[in-house]
Number of protein chains: 2
Amino acid sequence: MYRTHNCGELRMEHLGTEVVLSGWVQGSRDLGFMMYTDLRDRYGLTQLLFNEQITDKDLFEQARTLGREFVIRVEGTVIERQSKNPNMPTGDIEIQVSKLEILNASKVPPMLIEDEIDEGDDIRMKYRYLDLRRKPVQQNLFFRSKLAIATRAYLADQDFIEVETPVLIKSTPEGARDFVVPSRMNKGQFYALPQSPQTFKQILMVAGFDKYFQIVKCFRDEDLRADRQPEFTQIDCEMSFVTQEQVLETFEGLTRHLFKKLKNVDLPKFPRMTYDEAMSKYGSDKPDIRFGMEFVELGKEELPEGFVVFDNAELVVGICAEGQAAEYSNKDIKKLTEWMQRPQIGAKGLVYVKYNADGSVKSSVGKFYNDEVLKGWLEKFGAKPGDMLLILSGEEEKTRKQLNELRLEMGNRMGLRNPEEFKPLWVVDFPLLEWDEESERFHAMHHPFTSPKAHDVERMLNGDHETMKALRADAYDMVINGVEIGGGSIRIHDRELQSRNFDLLGFTKEEAQAQFGFLLGAFEYGAPPHGGLAFGFDRLCAVMCGQNSIRDFIAFPKNNQGRDMMIEAPSPIHDEQLEELCLKINLPEGD
Amino acid sequence: MYRTHNCGELRMEHLGTEVVLSGWVQGSRDLGFMMYTDLRDRYGLTQLLFNEQITDKDLFEQARTLGREFVIRVEGTVIERQSKNPNMPTGDIEIQVSKLEILNASKVPPMLIEDEIDEGDDIRMKYRYLDLRRKPVQQNLFFRSKLAIATRAYLADQDFIEVETPVLIKSTPEGARDFVVPSRMNKGQFYALPQSPQTFKQILMVAGFDKYFQIVKCFRDEDLRADRQPEFTQIDCEMSFVTQEQVLETFEGLTRHLFKKLKNVDLPKFPRMTYDEAMSKYGSDKPDIRFGMEFVELGKEELPEGFVVFDNAELVVGICAEGQAAEYSNKDIKKLTEWMQRPQIGAKGLVYVKYNADGSVKSSVGKFYNDEVLKGWLEKFGAKPGDMLLILSGEEEKTRKQLNELRLEMGNRMGLRNPEEFKPLWVVDFPLLEWDEESERFHAMHHPFTSPKAHDVERMLNGDHETMKALRADAYDMVINGVEIGGGSIRIHDRELQSRNFDLLGFTKEEAQAQFGFLLGAFEYGAPPHGGLAFGFDRLCAVMCGQNSIRDFIAFPKNNQGRDMMIEAPSPIHDEQLEELCLKINLPEGD
């Protein structure tokens, strides 16, 4: 037997017990005549005592050979510590070791196994088996496991059935790029990995499953950013005979339950905000409402002509940063302006108006607007002495996006984005279609299966091009702390309406039939009204733990090149494998 | 609102309640002045009553237009039925309909939505959304969902952590064939889909996760049989600091819990049987021990020379079919012999000895052996009057396999394989390596990471070729009713031993390093002793429900050509997709 107890459970009540422990050597302190060694496992740390005066010399010499991360098995007696450690659950006791067995030696690890380390990602990922020994990483993954179990228990209680949908499906090059899998048995043909189980869950509704969920891997072959992974996990759900309101209530309930169960946080009732309101107040469809600093627009009446930049702008809009007037020197504002002018954001400039504590006003556009005009602005923004306005101008959509970035940055600087505070909301009433100037066609704002609102169905079937831009969908996003946690919609369940949507999205009849014929077919045999949503599970984990990167919640993430650094994948395959698949690699010249 | 109640919940206590129901039209009986319609959903059936004398004519006419599988919403009052149906949970009541809305019409379905149908698989799979409406299919999938939830709850209670391992991994063409996924970002390189998360779960043990599990999709690109699917689901588990005995106890506990919880069946303690015993008594490493009919060998002393077939056979072995002597005419035995001679089994012949009820003996080899010899056989087999011996001979391994088939067939014919009876066992002490005559190399009997038994380690490191054949592994299979439900092993955790195993399996140092370098590396940094197992989840579902095919427990299975008949996958992809992946299709001529 390797152990009678784990390394986290021995207490004073065990004094005198003969125990067997196994684990990793965290480190040793050698005092000459005695040696203390910390033994570690998933459950905790226990101090081992090797005492030259009590144990035999050979054992003591053997103990001296132990290096960091050696795996050992010890037998011994639980004794009371002379100097207790109140910060350790096992800090009252130690083990007087009588027998030591080295189960596996360890070379000196290339990185420290400690909570805080300054290793780069490359080393951490190459030696992920060492990185995963660190407590913060383990705790993230334990949290994830618990969150999945709590999610399943809650949904099962509500009569949801978990159904596994297939991973080898069909390529539908709409939305993101598919990963494809060549078929050996069907030569020249390919499976695709699912970007989501969307059509399958709708088929399950047509099949009468009524309430479906699945915690499921999804795949997108996209260029990767810090918070994107080629494979990621969704909590995927669908319900039949429901209205949007019922979907929102169900998953607000789930979310509230998860926060209570795992974080002991009572979430407030989720406010609802329309897409239009979110865009106009925050310049974002996923506003962080932990803080205010809402957008305020300046109209013609507040902008007497003279400053040509504002005179020609489609939009002049700003935020009021409370108490920041004194914080920002001219140099600071210059730096902030440069930050806004980086290509990632692309603002042309940044106008400030300082409402100094003494009541005076100072502005970068002071020569264009007199104090009366500026005070009018301050009043419109609801500014108090000490506050500072930051104003952008330009093309409407772009300017709002830029101001959103500025608002979030100011929120960070002003300490208004507390990771321990959670402010959820539902963003609703999304547009159904988005006109893409470049490709000159409509894109689905959510996805091609989203239903227009009931009062828009007629307009969608018979309206003209401009009408299409105004259609609103029964689509909704759950946003927490500025992060889109989940989104979904009521789906189309009518064949004619679905066909019309495919038309609008630029599918020919043949393409629609080839890719989604099975769904159109299913709609002819009694498809119920249905809707649902999907949560980004990796992201939900990160947000609940107040962290930014989903990578820290994935056991074996890929890097920005889509590579697993530990196993070194992807990799070349054998010629015989290619031959069996009837494939040839055809690298462009120079590669 | 689409419903106040579902179609399975209304009872006498609801009499007089105004309700809204939605669901599918199962069928109608039109009596002229009134019409009964059964409304169906996942939860049950409720009878709707349209009464011309009470409701208005328009409603009645509208009701007449309803066809099978129409999706409707009705409002009405719960009333008491005149003639109750005690076989239906809702059989005491019906709904007096006051309003009817057709939510979606249905064409006449191409198959019946009933429990028993005689449609072929092709129609069922093409219209899977209709097939999945049938109760037996839904119940299989509901069972599966419950089994997964119970499995997770049990393992989580035992401190197992569920960790998601990656789906995009690396091709290791050992064992079965990999499905591969071309990488766009790493041109000319490929991911592979996991045949199992084997190396990742071992890495998690090296990382100190201690107890891991995952219900996870696995992939094998193999030629398909009725009980194989290209993607299938495992309950995958691994534990650190455990002996084989502890692993068996843990998963015997899980299995016992699942049978109790889902089937209310108390499983007996699982007997242990060595591989050698299983092969000699049953000719199979997955014996069905719901019935006896164990193999009995006839040796030289029972076989006086004269019958040349037996004289030259490596093995003469048979079974005793109780009470079957009178059941088999000469013609029946001829048929049975022909069944054994089919190429799938390949027996040369079949010898019988009938111990007639009157005590006389009749045998197909009566002219070679006198009654005294034959009675000696009967005694050795423990036969009673009325029994019949069935005896095969030939090369040892082949003959045992053939007799295994015969034993199972006789078990079927004699009604000894009751699907409601469950007889589990552990088969243990598997050989470590299997010599393959054809390729002239060793194969891993379980997989390349399996540990030899402790007392065989020295022999494995230093023994000769013949010694290798005799090595036994800490490997084990769980077998229920003749089906291998799961299997696993204690793993190698020592780099040297693992390298030796790769050598024996014919890997060059370079190949071993290229494919499994990360694991060999991990073993150098403190790998603990560990072991685990994996259950075939689809198969566990089928066995627990007394069914043979795993397909009936998979929502969207593939057919024998690996095709999804509903979505028509795999399919050709666009040239642009191929170009982005730097691939060319290179079909052999004639294809």
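As a reminder, the structure under discussion sits directly above these lines.
Residues numbered from 1 in each chain as written. Chains lettered and ligands numbered in written order. Predicted model: local features only at pLDDT ≥ 70, side-chain atom pairs only at ≥ 80, totals over all residues. Heavy atoms only, no water.

1. Let's talk about the overall build of chain A
Here is the rule we go by: Per the convention used, a helix needs a DSSP run of H or I reaching at least four residues, while a strand needs a run of E reaching at least two, with both numbered from the N terminus. Burial classification: accessible surface area is computed with a 1.4 Å probe over protein chains only, and a residue below 20% of its type maximum counts as buried, one above 50% as exposed, and the rest as partly exposed. Here, residues are in contact when the closest pair of their heavy atoms is within 4.5 Å. Shrake-Rupley sampling with a 1.4 Å probe provides the accessible areas, and residues are treated as covered by the protein chains on show and by no other component. Only four residue types enter the charge count, namely Lys and Arg as positive and Asp and Glu as negative; His and the chain termini do not. For the purpose of locating charges, the reference atoms are NZ of Lys, CZ of Arg, CG of Asp and CD of Glu.
Across its full length, chain A carries 17 helices and 23 strands. The principal-axis extent of the C-alpha atoms belonging to chain A is close to 90 × 75 × 60 Å. Taking all 591 residues of chain A together, 58% fall into the buried category. Long-range pairs, those at least 24 residues apart, make up 66% of the contacts in chain A between residues at least 6 apart in sequence. Surface exposure of chain A reaches about 24600 Å², of which carbon and sulfur atoms provide 47%. Once the 74 positive and 98 negative side-chain charges of chain A are each reduced to a mean point, those two points are 3 Å apart.

2. Regarding the interface of chain B and chain A
Stated formally: A 1.4 Å probe defines the accessible area here, and the buried area is the portion of it lost by two parts on being joined, summed over both. The salt bridge definition used is simple: a Lys or Arg side-chain nitrogen within 4 Å of an Asp or Glu carboxyl oxygen. Residues adjacent in sequence count toward polar contacts only when both atoms are side-chain atoms; beyond that, a polar contact is any pair of N or O atoms within 3.5 Å, and within protein one must be able to donate a hydrogen and the other to accept it. Classification used: nonpolar for Ala, Val, Leu, Ile, Met, Phe, Trp, Tyr, Cys and Pro, charged for Asp, Glu, Lys and Arg, polar for all others including Gly. The rule for pairing is simple: two strands pair if DSSP sees at least two bridges between them.
Chain B puts 125 residues into the contact, and the matching count from chain A is 125 residues. On the chain B side of the interface with chain A, the three residues burying the most area are Glu 164, Phe 241 and Tyr 525 of chain B, jointly 8% of the side's total. At the junction of chain B with chain A, the criterion picks out 14 salt bridges. In this structure, Asp 221 of chain B engages Arg 184 of chain A in a salt bridge whose closest nitrogen and oxygen atoms are separated by 3.1 Å. If you look at where chain B meets chain A, you find 63 residue pairs in polar contact (both at pLDDT 80 or more). Per-element accounting of the side of chain B that touches chain A gives the leading share, eight residues, to helix α4 (residues 135–157) of chain B. Class assignment of the residues belonging to the side of chain B that touches chain A gives a composition of 68 nonpolar, 27 polar and 30 charged. Bridge analysis of strand β23 (residues 583–585) of chain A against strand β23 (residues 583–585) of chain B gives three bridges, and the strand direction is antiparallel. Paired with Lys 584 of chain A across the strands is Lys 584 of chain B, a residue of β23 of chain B.

3. A look at the sheet that holds strand β13 (residues 315–321) of chain B
All names here are of chain B. Counted only if it meets this: Helix axes are fitted to C-alpha atoms over the stretch in contact, other axes to C-alpha atoms as well, and angles between N-to-C directions run from 0 to 180 degrees.
Taken in spatial order, the five strands of this open sheet run β12-β13-β16-β14-β15, and their pairing is antiparallel. Where the open sheet ends on each side, the last strands, each with one partner, are β12 (296–297) and β15 (361–363). Pairing geometry for β12 and β13, over two bridges, is antiparallel. Paired with Val 296 across the strands is Gly 318, a residue of β13. Contacting β12, β13 and β16 (388–394), helix α11 (residues 396–413) crosses the sheet at an angle of about 10 degrees to β13.

4. A look at the environment of Asp 159 of chain A
Note that Asp 159 of chain A resides in the loop between α4 (135–157) and β6 (161–162). Distance from Asp 159 of chain A to Gly 253 of chain A, taken between C-alpha atoms, is 14 Å for residues 94 residues apart in sequence.

5. A look at α4 of chain B
As a reminder, the rule being used: Between the first and last residue of a helix there are one fewer steps than residues, each counted as 1.5 Å, and that sum is the expected span.
The first and last C-alpha atoms of α4 of chain B sit 33 Å apart over 23 residues, in line with the 33 Å expected at 1.5 Å per residue. After α4 of chain B finishes, the residue Asp 159 of chain B shows a positive phi value of roughly 70 degrees.

6. Let's talk about the relation of the copies chain B and chain A
Going by this rule: Overlaid copies result from least-squares superposition on C-alpha atoms, with residues included only where pLDDT is at least 70 in both.
The two copies are related by a screw motion: chain B maps onto chain A through a turn of 180 degrees and a shift of 0.0 Å along the axis, at an RMSD of 0.1 Å. Viewed as a symmetry operation, the transformation between the two copies matches a two-fold axis. Counting the interface residues of chain B, we find that 100% of their copies in chain A are interface residues as well, pointing to one common contact surface.

7. Things to note about the sheet that holds strand β16 (residues 388–394) of chain A
Residue and element names in this part refer to chain A. On the basis of which strands lie adjacent, the open sheet formed by five strands has the order β12-β13-β16-β14-β15 and antiparallel pairing. A strand with exactly one partner marks an edge of an open sheet, and here the two such strands are β12 (296–297) and β15 (361–363). Two strands pair when backbone bridges link them, and strand β14 (residues 351–355) and β16 are joined in this way by four bridges, in the antiparallel orientation. In the sheet register, Lys 354 faces β16, and the bridge partner there is Met 388.

8. Some thoughts on the pairing of strand β18 (residues 433–436) of chain B
Residue and element names in this part refer to chain B. Pairing analysis gives four bridges linking β18 to strand β19 (residues 441–444), with the strands arranged antiparallel. Paired with Trp 435 across the two strands is Phe 442, which belongs to β19. Hairpin connection, β18 to β19: the antiparallel pair is bridged by four residues, and Glu 440 has positive phi, about 50 degrees.

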